[in-house]
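# Understanding the architecture of this molecule
So you can see what is in the structure, the chains are spelled out below.
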Amino acid sequence: MTKTIGYRDWRWLALWWHHFFLLWTTINGQTRYSIPEELKQGSVVGNLAKDLGLGLSEIFDRKLRVSSEAGKQYFSVDAGKGELVVNDRIDRETLCGQSASCVLPLQVVIEDPLQLFRVEVEIQDINDNEPRFPSNDITLEVAESMGLGVRFPLEGAIDPDVGSNALKSYTLSKDDCFNIRIKELAGGRKVPELILAKNLDREKKAVHKLLLTALDGGNPVRSGTAQLSIKVLDNNDNVPTFEKTLYKVSISENAAEGALIVQTKATDMDDGQNGEIEYSFGAHTLDTVLSVFSIDHTSGTIFLKGKLDFETTPNYELDISAKDKGSLRMEGHCTVHVEVLDVNDNAPEIILTSHPKPVREDSTNGTVVALLSARDLDSGVNGKVTLQLPKKCPFALKPSFSHNYALVTNGVLDRENVSEYNIEITAFDSGSPPLSSKKMIPVSITDVNDNPPIFTQPSYNVYLKENGVPGSILYSVSASDLDFGENAKISYSILDSKVQEVSVSSYVYINSDNGSIYSMHSFDYEKLKVFQIQVQAKDQGSPSLSSNATVHVFILDQNDNAPAVIYPSSAALGSLSHQRMSRSAKAGHLVTKVTAVDADSGHNAWISYKLAEATDASLFTVNLYTGEVRTKRAVSEQDDSSQRLLIEIKDDGEPVQSATVTVSILLEDGLHEPILDLRQKVTEPIKKTGRITLYLILSLASVSVLSLVTFLILAVKCMRTSRSSGSCCMTRSDCDNNKNPNRNLQIQLNTDGPIKYVEVLGGDMLSQSQSFRSCMSPMSPMSEYSDFTLIKPSSTTDFNEVISVLDASLPDSTWTFESQQVSNK
């Protein structure tokens with residue numbers, strides 16, 4: 001697509017600040033403009049935004065910028081109009097020299113997303129330079145004997161303009177003896193040749209003054225002149241002649257200084273000095289050629305004097321002159337064409353078109369990270385560039401056009417593993433040996449909230465002493481988050497749950513910043529032994545992620561409860577516990593049993609009994625572990641009838657807690673001989689096994705007689721049992737849903753009302769292999785086979801009194817009572 005912005009006749013181009021010619025072309029995603037050189041600063045090249053399909057707002061939003069590969073910034077973008085305007089003076093001859101085509105490539109980069117456009121601005125030549133001769137005065141010596149048609153090369157004029165504005169022709173002022181002819185050299189350069197059209201006669205005219213004019217093809221035509229002076233000399237008949245009119249040679253650009261280029265050779269048929277030849281470069285040889293090559297004036301050999309660079313000058317055209325040494329020097333010419341061969345002496349170059357932007361770690365494959373291009377100043381195979389990325393790199397290079405590439409994502413990115421990539425891009429050319437260069441591109445990976453907080457352990461066990469100070473720290477939980485920034489900031493909270501039907505937030509609270517858990521009040525082991533806290537750690541990401549951990553809080557028992565006396569109870573039965581004992585009691589007789597319980601657990605609940613004071617310490621002893629009060633010896637007549645015992649009860653805690661109970665024992669005559677414990681008599685039946693057979697025979701014989709009597713006795717017993725509340729079962733529970741320890745109380749009653757024995761079994765104490773028993777009076781000879789010892793009951797002790805004692809001692813326990821009546825027989 002071609003669009004003409006403006007055109008005026010070339011004669012008006014001298015006033016380029018008023019008018020200009022503009023051409024833009026868009027082909028395969030590239031935009032091309034054509035403008036004349038020397039445009040005024042601020043002149044519009046074209047509507048870049050419109051031609052690229054961009055809105056004016058996108059110029060700001062997407063940060064459009066233009067960069068030139070030429071180095072100097074000749075153009076800029078008018079952000080308000082979207083137009084590409086001239087930013088500085090453009091001189092085509094300075095930029096491109098004598099090149100036929102002069103194109104300034106521009107790179108237009110826009111962001112979000114990154115895009116690269118290639119814009120080419122062709123700089124058109126205007127006829128702003130006139131042809132100039134190297135010298136304004138040219139002197140030529142010509143022998144008068146020179147034959148017609150002989151040509152004399154002259155120094156050509158130089159016109160920096162190109163194309164139609166370049167040097168086109170030469171004219172010579174009118175002279176009968178000379179004409180002008182234009183010779184075109186390789187590369188299109190035109191030089192004048194003077195042709196002898198008429199025989200010279202030195203005697204008539206020794207010097208011919210001519211005006212040589214060089215004309216270009218511009219409109220209007222520009223010209224340059226030189227004064228040509230031709231001196232007519234006497235005869236030197238033969239002109240030196242080269243073996244070849246054109247020598248063609250090739251030389252590598254890395255050839256060393258002093259290398260032989262070619263040897264030219266010319267001959268002169270004259271004799272003497274007229275035949276001796278001296279070689280030199282032609283009069284119109286450029287200084288750039290003289291700095292690179294040298295010639296041996298005697299042999300005509302051409303040597304390399306300076307350094308060759310294919311990328312700067314790929315070939316040279318040398319004009320070689322051979323002059324004889326006659327008085328009238330004759331001159332011959334030849335041309336040497338030197339082709340410079342390219343050598344892979346330029347490493348490829350990687351150019352970063354746009355700086356890399358940070359990439360989210362959840363970016364999809366193909367996300368553009370940066371734009372870059374590659375170039376090599378060499379030509380052909382040596383200038384073919386290949387880019388390469390490291391292996392296992394989650395990025396790829398996507399080619400676009402004209403050696404431009406986009407660096408895109410091509411794999412999974414994880415900021416927690418790699419937060420920044422230093423991507424090393426290597427560029428190789430195809431030369432032999434190949435050259436390479438490297439470019440390091442840093443790419444930062446931005447965080448995405450893809451990792452939940454993780455506790456140091458899934459559950460925590462916290463051991464807390466009871467009776468602690470409210471507000472004290474229980475434990476500090478900790479969680480970490482692999483993410484970064486706000487995504488890694490963690491806040492802690494306690495999830496709502498119930499402990500004994502009460503919200504856990506009533507027991508503890510947590511510092512949301514550091515995870516420290518504090519108690520709201522002190523804890524009582526006897527009421528609460530263990531509870532759980534669900535702690536949640538949540539990050540600040542969007543959306544936020546969280547994880548939970550369980551904190552098991554175990555309340556440790558402290559010795560904060562003194563032993564409570566269950567039997568005998570001074571609170572329920574008076575200041576003293578009265579017991580009766582026969583004076584006929586022997587040593588080891590079980591007088592009574594003190595029973596106590598401790599609401600604590602473990603060592604704190606281990607109870608020991610000790611006789612602290614006694615009327616006669618030699619008569620009674622107390623078992624350290626069971627609390628049984630027994631006689632140490634037989635009762636004598638001299639013993640007081642009233643004995644008083646003070647029994648101390650201690651637990652095993654630290655510090656020790658204790659209680660005391662006073663037992664009053666009355667020694668009486670006339671009581672039946674107490675039956676000794678089974679432990680003392682258990683061996684007697686074994687000694688009398690010989691009588692068993694007789695007893696069995698008598699028993700079998702009397703079965704039929706006694707069966708009726710037995711039935712009647714059982715009937716009478718059942719009737720008595722039904723009238724005297726023979727059995728009962730009571731259960732008392734607290735409001736803590738059976739979470740307090742359960743204890744079992746077994747009481748056996750006589751038919752006349754008093755308690756026969758009391759046995760207390762606690763749930764926790766059973767697990768610790770502790771049992772507490774209180775016995776009042778032995779009523780049966782077989783009582784030694786049970787788990788308790790029986791003593792004579794007190795006439796004042798009843799069922800309700802035992803209940804009140806237990807309630808006062810262990811108010812947080814659940815009790816089960818069992819009682820049964822036993823006949824006096």
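Since we're looking at a predicted model, the values are computed, not measured.

## Structural notes on the overall build of the protein chain
Within the protein chain, the regular secondary structure consists of 11 helices and 58 strands. Residues counted as buried form 43% of the 825 residues belonging to the protein chain. Intrachain contacts of the protein chain at a sequence separation of at least 6 include 66% that bridge at least 24 residues.

## Quick look at the confidence of the model for the protein chain
For the protein chain, per-residue confidence averages 79 on the pLDDT scale, and residues scoring 70 or more make up 78% of the total. Predicted confidence for residues 1-28 stays below pLDDT 50, and this span has 63 contacts to residues more than four positions away or in other chains. Contacts for the low-pLDDT stretch residues 816-825, under 50 throughout, to residues beyond four places or in other chains number 43 contacts.

## A closer look at the pattern of salt bridges
Considering all chains together, one arrives at 27 salt bridges under this definition. One salt bridge connects K325 with E276, and the closest N-O pair in it is separated by 3.7 Å. Linking K325 in the loop between strand 24 (315-324) and strand 25 (331-341) with E276 in the loop between strand 20 (266-267) and strand 21 (277-281), this pair joins segments that are 49 residues apart in sequence. Note on K325: relative accessible area 39%, which makes it partly exposed. Its relative accessible area of 39% is what places E276 among the partly exposed residues. Across the salt bridge formed by R583 and D669, the nearest N and O atoms sit 3.9 Å from each other. Residue R583 is located in the loop between strand 46 (577-582) and strand 47 (590-593), and its partner D669 is located in the loop between strand 53 (658-668) and helix 6 (678-681); the two are separated by 86 residues in the primary sequence. For D669, a relative accessible area of 59% gives the class exposed.

## A word on the state of the cysteines
Throughout the structure, instances matching the rule amount to 1 disulfide. Disulfide pairing places C96 opposite C102 at an S-S distance of 1.9 Å. Disulfide C96-C102: torsion about the S-S bond near 65°, hence right-handed. Its relative accessible area of 1% is what places C102 among the buried residues.

## As for the nonpolar core
Core analysis: the largest hydrophobic core is formed by 27 residues, its most contacted members being F178, L194, L228 and I230. Looking at this core, the elements that each hand over two or more residues are strand 10 (137-143), strand 12 (167-172), strand 14 (190-196), strand 15 (207-216) and strand 16 (223-233). A total of 5 residues in this core trace back to one element, the largest contributor, which is strand 16. Listed in part, the 26 residues of the second largest apolar core include Y460, V477, V504 and I533.

## Things to note about the side chain of D429
Its location among the elements puts D429 in strand 32 (residues 420-429). It is K384 that comes nearest to the buried, bridge-free D429 among opposite-charge side chains, at 11 Å. At a separation of 3.0 Å, a polar atom in the side chain of D429 contacts the side chain of N344. Within the local environment of D429, its side chain forms a polar contact with the backbone nitrogen of L435, the two atoms lying 2.8 Å apart. Excluding residues that lie within four positions of it along the chain, D429 makes contacts with N344, N346, P348, D376, N382, K384, V385, P434 and L435.

## Considerations on the environment of V656
Tracing the sequence through the fold places V656 in the loop between strand 52 (642-651) and strand 53. Since its relative accessible area comes to 48%, V656 is described here as partly exposed. Along the backbone, V656 and A562 are 94 residues apart, and their C-alpha atoms lie at a distance of 8.3 Å. If near-sequence neighbours (up to four positions away) are discounted, V656 is found in contact with N559, K650 and D651.

## Here's the deal with the pairing of strand 44 (residues 546-556)
Across 7 bridges, the pairing between strand 35 (residues 459-465) and strand 44 is parallel. Note that in strand 44 the partner of S459 across the bridge is T550. Bridging between strand 43 (residues 530-539) and strand 44 involves 9 bridges; their strand directions are antiparallel. Bridge pairing in strand 44 places K538 opposite S546.

## Let's talk about the sheet that holds strand 12
Strand order in the open sheet formed by 4 strands is 10-16-15-12, and the pairing between neighbours is mixed. Each edge of the sheet is formed by a strand with only one pairing partner; in this case those strands are strand 10 and strand 12. The average undirected angle you get between the axes of adjacent strands in this sheet is 25°. Pairing of strand 12 with strand 15 involves 5 bridges; the strand directions are antiparallel. Looking at the pairing, L167 lines up with D216 of strand 15.

## Overview of the pairing of strand 23 (residues 301-304)
In this sheet, strand 23 lies alongside strand 19 (residues 260-263) in antiparallel orientation, the contact comprising 3 bridges. The residue of strand 23 that forms the bridge with V262 is I302. Pairing geometry for strand 22 (residues 293-295) and strand 23, over 3 bridges, is antiparallel. Bridge assignment links S294 to a residue of strand 23, and that residue is F303. Counted along the chain from strand 22 to the antiparallel partner strand 23, the turn is 5 residues long, and its residue G300 has a positive phi close to 80°.

## So, the sheet that holds strand 43
Taken together, the 4 strands give an open sheet; going across it, the order is 35-44-43-38, and neighbouring strands pair in mixed fashion. Every interior strand has two partners, whereas the edge strands, strand 35 and strand 38 (490-494), have only one. Direction aside, the axes of adjacent strands within the sheet are offset by 25° on average. For strand 38 and strand 43, the ladder comprises 5 bridges, and the chain directions are antiparallel. The residue of strand 43 that forms the bridge with I494 is V535.

## With respect to unusual backbone geometry
With omega at 5°, the peptide bond leading from N219 into P220 counts as cis. With respect to the helices and strands, P220 occurs in the loop between strand 15 and strand 16. Cis rather than trans, the peptide bond between Y567 and P568 has omega equal to -15°. Tracing the sequence through the fold places P568 in the loop between strand 45 (564-567) and helix 5 (570-573). The residue D112 is not glycine, and still its phi comes out positive at about 55°. Checked against the element boundaries, D112 lands in the loop between strand 8 (103-110) and strand 9 (115-124).

## Some details on the packing of aromatic side chains
Any pair of aromatic rings gets described here by the distance separating the centres and the angle formed by the planes. Evaluation of the coordinates by the stated rule reveals 12 aromatic pairs. Measuring from centroid to centroid gives 6.1 Å for F242 and Y279, while their planes differ by 55°, and the two rings are tilted. Within this pair, whereas F242 is found in strand 17 (residues 241-242), its partner Y279 is found in strand 21, the two being separated by 37 residues in sequence. For the pair F242 and Y279, a shared accessibility class is recorded, and that class is buried. What links up through ring pairs into an aromatic cluster is the set F455, Y460, Y475 and Y492.

## Points about a nonpolar patch on the surface
Together, L708, F711 and L712 line one region of the surface with nonpolar side chains, adding up to about 350 Å² of accessible area. Considering the arrangement of structural elements, one finds F711 in helix 9 (residues 703-723). Taking relative accessible area as the criterion, F711 reaches 55% and is therefore assigned exposed.

Cut-off values and rules
- Residues numbered from 1 in each chain as written.
- Predicted model: local features only at pLDDT ≥ 70, side-chain atom pairs only at ≥ 80, totals over all residues.
- Heavy atoms only, no water.
- Helix = DSSP H or I, 4+ residues; strand = E, 2+ residues; numbered from the N terminus.
- Buried < 20%, exposed > 50% of the residue type's maximum accessible area, 1.4 Å probe, protein only.
- Contact = heavy atoms within 4.5 Å.
- pLDDT = per-residue confidence, 0-100.
- Salt bridge = Lys/Arg side-chain N within 4 Å of Asp/Glu carboxyl O.
- Disulfide = S-S within 2.5 Å.
- Core = buried A, V, L, I, M, F, W, Y, C linked by side-chain atoms within 4.5 Å.
- Lys, Arg positive; Asp, Glu negative; His and termini not counted.
- Polar contact = N/O pair within 3.5 Å; in protein donor to acceptor, adjacent residues only side chain to side chain.
- Pairing = 2+ DSSP bridges.
- Axes fitted to C-alpha atoms, helices over the stretch in contact; angles between N-to-C directions.
- Phe/Tyr/Trp six-rings, centres within 6.5 Å; stacked < 30°, edge-to-face > 60°.
- Patch = residues over 30% accessible without salt bridge, like charges linked within 9 Å, V, L, I, M, F, W, Y side chains within 5 Å.
- Areas by Shrake-Rupley, 256 points an atom, 1.4 Å probe, with all protein chains shown as cover.

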